[in-house]
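A structural walkthrough
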Amino acid sequence: QVQLVESGGGLVQPGGSLRLSCTASGSIRSINTMGWYRQAPGKQRELVATITTGGGTNYKDSVKGRFTISSDNAKNTKYLQMNSLEPEDTAVYYCYVRFWTGFGFLEGNWGQGTQVTVSS
C-alpha cells in the first residue's frame, strides 16, 4: 500500500500562483504513476496532471503551459506548480497514486484533498 499526504492550496487572485505537494509513504518502490485530479462543485473529478516513475508527464489541455508537475525523489514528493491561475481552476485538488500490488495488479489511492480557490 501507498499512503499520501497533501499540502498547499488556498485562496489566490486570478493570475496568481500556488504550489501543491504530495508526499508518499509505504511501498514507494511499487509506485507506477502519481498526479493530481480536481473536482469542482457539481462537476465530475477530472485529471489535471500525472507523472510516471520514468518521468513521462500528461496534462489536461486547459492547464498546459500553466501547470507543471515535478518530482523530488529523495523526499518521495511530487509537486504541482500552478501559475496564471484562473477562476475556472477553483476546485478541490486530490493527489492520486497508482501502484503495483504484490499480486501483479495495479491499484490506486487518493490523498485527502486540498481546496484551491481563485477569486478576486
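Residues numbered from 1 in each chain as written. Predicted model: local features only at pLDDT ≥ 70, side-chain atom pairs only at ≥ 80, totals over all residues. Heavy atoms only, no water.

1. Section: the overall build of the chain
Formally: The helix count covers DSSP runs of H or I at least four residues long, the strand count covers runs of E at least two residues long, and both are numbered beginning at the N terminus. Every radius of gyration here is taken over C-alpha atoms, with the globule rule written as 2.2 Å times N^0.38, N being the number of residues. Whether a residue is buried, partly exposed or exposed follows from its accessible area with a 1.4 Å probe, protein chains only, as a fraction of its type maximum: under 20%, in between, or over 50%, in that order. Only the protein chains shown count as cover for residues, and the accessible areas themselves come from Shrake-Rupley with a 1.4 Å probe.
Helix and strand content of the chain: zero helices and eleven strands. Element order for the chain, N to C, with α for helix and β for strand: β-β-β-β-β-β-β-β-β-β-β. Its C-alpha atoms give the chain a radius of gyration of 14 Å, within 12% of the compact-globule value 14 Å for 120 residues. Looking at the 120 residues of the chain, the share that counts as buried comes to 40%. Total accessible area computed for the chain in this model is approximately 6,500 Å², and 48% of it derives from carbon and sulfur atoms.

2. Some details on the environment of Thr114
To be explicit about the condition: For this analysis, residues touch if any pair of their heavy atoms sits within 4.5 Å. Polar contact is defined as a pair of N or O atoms within 3.5 Å, subject to the rule that within protein one atom must be able to donate a hydrogen and the other to accept it, and that residues adjacent in sequence are counted only when both atoms are side-chain atoms.
Tracing the chain through its elements places Thr114 in strand β11 (residues 114-118). The class of Thr114 is buried, set by a relative accessible area of 12%. Residues within four places of Thr114 in sequence aside, it is in contact with Glu6, Gly8, Gly9, Leu20, Ala91, Val92 and Tyr93. Looking at Thr114, its side chain comes within polar contact range of the main-chain oxygen of Gly8, at 2.8 Å.

3. Focus on the pattern of salt bridges
For the record, the criterion: Should a side-chain nitrogen of Lys or Arg be within 4 Å of a carboxyl oxygen of Asp or Glu, the pair is scored as a salt bridge.
Taken as a whole, this structure holds six salt bridges when the rule is applied. Glu86 serves as the salt-bridge partner of Arg66, at 3.9 Å between the closest nitrogen and oxygen. Of the two residues, Arg66 sits in the loop between β6 (57-59) and β7 (67-72) while Glu86 sits in the loop between β8 (77-82) and β9 (91-100), which places them 20 residues apart along the sequence. A residue is classified by how much of its surface remains accessible, and Arg66, at 11% relative accessible area, is buried. For Glu86, a relative accessible area of 33% corresponds to the partly exposed category. Note that Asp89 and Arg66 form a salt bridge whose closest N and O atoms lie 2.8 Å from each other.

4. Quick look at unusual backbone geometry
For residues besides glycine, phi is generally negative; the peptide bonds are generally trans as well. One non-glycine residue, Asn76, lies in positive phi territory at about 55°. Among the structural elements, Asn76 can be located in the loop between β7 and β8. Phi is positive for Ser84, which is not a glycine, with a value near 50°. With respect to the helices, strands and loops of the structure, Ser84 is situated in the loop between β8 and β9.

5. What to know about the side chain of Thr50
Inspection of the secondary structure assignment puts Thr50 in strand β5 (residues 46-52). Setting aside residues up to four positions removed in sequence, Thr50 forms contacts with Thr33, Met34, Gly35, Gly56, Thr57, Asn58 and Ile69.

6. As for the nonpolar core
Heads up, the condition is: The set of buried Ala, Val, Leu, Ile, Met, Phe, Trp, Tyr and Cys residues whose side-chain atoms join them within 4.5 Å is what this entry labels a nonpolar core.
Among the nonpolar cores identified, the biggest contains 28 residues, and Trp36, Leu80, Met82 and Tyr93 are the most heavily contacted of them. Every element with two or more residues in this core is listed here: β1 (2-7), β3 (18-26), β4 (31-39), β5, β7, β8, β9 and β11. With five residues, β9 is the single largest residue contributor to this core.

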